Amino acid sequence: MSCVRLLNSKTSTSSSFLGKNRSSLSSAIERRRVCSRTPALAPGFQQITLPAAPHGSATEQHVLHKAQEVEEWIINTRRLLHQTPELSFQEYKTSSIIQRRLQEMGVAFEAPVARTGVVAQIGSGSPVVVLRADMDALPIVEDTGLPFCSLEPGCMHACGHDCHMAIALGAARILKDMERKGELAPGTIKLVFQPAEEADGGGKVMVEEGVLQGADAAFALHVWPALPVGTLATRPGPLMAGVLSFEATITGRGGHAAMPQFTTNPVIAAASIASSLRALVTAALPPYEPVVVNVCHISGGEAFNVVPDKVAFGGTVRAFSDSTMTHLRERLSEVVATQAAVHGCSGEVDFREDKEPYFPPLVNDPDATDFARSVAKKVFGEHNVKLADLTMASEDFAFIAQAVPSCFAFLGVRNEAIGAIHGLHSPMFTVDEGALRLGAAYMASLAVDYLRDTAEKEEEAQTRL
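Our subject in this report is the structure included herewith.

About the criteria used
- Residues numbered from 1 in each chain as written.
- Predicted model: local features only at pLDDT ≥ 70, side-chain atom pairs only at ≥ 80, totals over all residues.
- Heavy atoms only, no water.
- Helix = DSSP H or I, 4+ residues; strand = E, 2+ residues; numbered from the N terminus.
- Buried < 20%, exposed > 50% of the residue type's maximum accessible area, 1.4 Å probe, protein only.
- Contact = heavy atoms within 4.5 Å.
- Areas by Shrake-Rupley, 256 points an atom, 1.4 Å probe, with all protein chains shown as cover.
- Pairing = 2+ DSSP bridges.
- Axes fitted to C-alpha atoms, helices over the stretch in contact; angles between N-to-C directions.
- Salt bridge = Lys/Arg side-chain N within 4 Å of Asp/Glu carboxyl O.
- Parallel < 35°, antiparallel > 145°, perpendicular 65-115°, else oblique.
- Nonpolar A, V, L, I, M, F, W, Y, C, P; charged D, E, K, R; others polar.
- Core = buried A, V, L, I, M, F, W, Y, C linked by side-chain atoms within 4.5 Å.
- Phe/Tyr/Trp six-rings, centres within 6.5 Å; stacked < 30°, edge-to-face > 60°.
- Lys NZ or Arg CZ within 6 Å of the ring centre and 35° of its normal.

## Let's talk about the overall build of the protein chain
In step 1: Helix and strand content of the protein chain: 13 helices and 16 strands.
In step 2: Residues classed as buried in the protein chain amount to 55% of the 465 residues present.
In step 3: Sequence-distant contacts in the protein chain: of pairs separated by 6 or more residues, those separated by 24 or more amount to 82%.
In step 4: For the protein chain, the computed accessible surface area is about 18,900 Å², with 52% contributed by carbon and sulfur atoms.

Here is the structure:
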């Protein structure tokens, strides 16, 4: 989940947490001395035991059994990754861990891809199904107190990407074992370990480098602290909002505060524009269209008796369709320019796409989502597969979903009994690790069933001929 993007949406991260994030770097360094460098399953923080899904087919039950056999390996892999967080396009240690695990399994891979990413492959030929996991962490000081906490001061896996990688590696281990035993239908399974989801649009780079070329479907998940462990949620169509950041600059004429007749005050202009921006920008949109226009910072002037020449303010705009995002972009520029002129100033907007690319809305393909839900019901049990709520947060899996029929899902990791209650991007974020086995079984089952269903359809088509 994008760092800049999600921090501007509603999360359970409190201001006190953010205060700790800024002030406790020295305590984080001290905690390095007590964090285990070889994480074992920690007493007092055990995941709950979840029963196998009662509605699973023989295939899903087989995969669930394999996931249970490698559960401790998945958890320890997650904990190792959790101790080694790295920021976007700096995931060198992370990439090495992934490559080492793949080598141990005998899974072929290519690296580096998209600068620091890894693309693994099981099987060959058509169809091609993609399982994606993101790799990067956040510039947050961890405050969980876990025995396998971050060993990198000021950096933390506070968005669960360590879980995503461990789940994908667990799925790879299951799938490779099934391949050796001749239990997979023909086709290719690509496991895409993608860098730079949080800020730099690594998904876009993956698409531009041709990683998705020839793919027939793609699937991914995200740990979701609002959902209880043992559940999964998704929905067809729009799921997560597109987002575009902006920086508006209002230029006036500075001077002495005692002589307003010789100045044009950009502070007053900026304050007026910022306070009315959402209403003016969204006035022409239908009232049922979910939209966010949020001003999140404003800066200008340093003295009490000096009118500055310029004031800047910025934030994000979010919506669930590219057409609405285009409207918001155009209207934002118009409103800033015209309202600045009302105050005798000039105004312009920089959408900062050279620094942070526009993330389009994440839109799940209906057929891919129907397939994913059917698989999930066999893994989690029918009553544990939910219809996901729309969220204004963003995800760069959206770039992959634009290129290939895809489904993105939310994996429940909440468990109040062990304190797994904090929101994404919180310095206290953690998960119930019992979800990892289910996530690996779900991802592996997606690949197994997709190859099998495709083979069966091709066989039926041949029979009709």
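Additional details are given in the paragraphs that follow.
## Some thoughts on the sheet that holds strand β10 (residues 291–299)
In step 1: The sheet built from four strands is open, its strands ordered β10-β12-β8-β13 with antiparallel pairing. Each edge of the open sheet carries a strand with a single partner, namely β10 and β13 (346–350). Taking each pair of neighbouring strands and ignoring which way they run, the sheet shows an average axis angle of 25°.
In step 2: Judged from the five bridges that link them, strand β8 (residues 242–251) and β13 form a sheet pairing that is antiparallel. Counterpart to E247 in the pairing with β13 is D350.
In step 3: Running at roughly 170° to β10, helix α9 (residues 266–282) makes contact with β8, β10 and β12 (310–319) of the sheet.
In step 4: Here helix α10 (residues 322–342) sits on the sheet in contact with β8, β10, β12 and β13, set at roughly 160° to β12.

## Describing the pattern of salt bridges
In step 1: For the structure on display, the rule yields 22 salt bridges.
In step 2: D134 is paired through a salt bridge with R132; the nearest N and O atoms lie 3.6 Å apart. Of the two residues, D134 and R132, both sit in the buried class.
In step 3: With a closest N to O distance of 3.1 Å, R132 and E395 form a salt bridge. Of the two residues, R132 sits in strand β3 (residues 128–134) while E395 sits in the loop between β15 (385–387) and α12 (397–403), which places them 263 residues apart along the sequence.
In step 4: We classify E395 as buried; its relative accessible area is 0%.
In step 5: Beyond isolated ion pairs, a larger network of salt bridges with shared partners links E60, K378, D449, R452 and D453.

## Some words on the packing of helix α5 (residues 71–82) against helix α13 (residues 434–464)
In step 1: Running from N to C, α5 and α13 cross one another at 110°; their axes reach a closest spacing of 9 Å. Judged on the interaxial angle alone, α13 and α5 are roughly perpendicular. The segment α5 lies against α13, with E71, I74, I75 and R78 engaging G434, L436, R437 and A440.
In step 2: Within the contact of α5 with α13, the residues separate by chemical class into four nonpolar, one polar and three charged.

## Let's talk about the nonpolar core
In step 1: L102, L175, I189, F193, F219, F380 and Y442 are the most contacted members of the largest nonpolar core, which has 105 residues in total.
In step 2: For this core, the element with the most residues is α13, which contributes 13 residues.
In step 3: Sequence-distant contacts of I189, that is, excluding residues within four places in its chain, are made with A120, Q121, I122, V129, L131, L175, L184, A447 and L451.
In step 4: One finds F246, A269, L328 and F351 within the second-largest nonpolar core, a separate group that totals 25 residues.

## Brief notes about the packing of aromatic side chains
In step 1: Applying the stated criterion to the full structure yields seven aromatic pairs.
In step 2: Between W224 and F410, the ring centres sit 3.9 Å apart and the planes meet at 10°, which makes this aromatic pair stacked. One end of the pair, W224, is in strand β5 (residues 217–228); the other, F410, is in strand β16 (residues 406–414), and 186 residues separate them in sequence.
In step 3: Residue W224 is classed as buried on the basis of its relative accessible area, which comes to 15%.
In step 4: Judged by centre distance (5.5 Å) and plane angle (35°), the rings of F397 and F408 are tilted. A residue pair is termed long-range when its members are at least 10 positions apart, and F397 in helix α12 and F408 in strand β16 qualify at eleven residues.
In step 5: For F397, a relative accessible area of 0% puts it in the buried group.
In step 6: A network of ring pairs unites the aromatic residues W224, F397, F408 and F410 as a single cluster.
In step 7: Lying over the aromatic face of F89, R115 brings its terminal NZ or CZ to 3.9 Å of the ring centre.
In step 8: Over the aromatic face of W73 sits the side chain of R173, whose NZ or CZ is 4.9 Å from the ring centroid.

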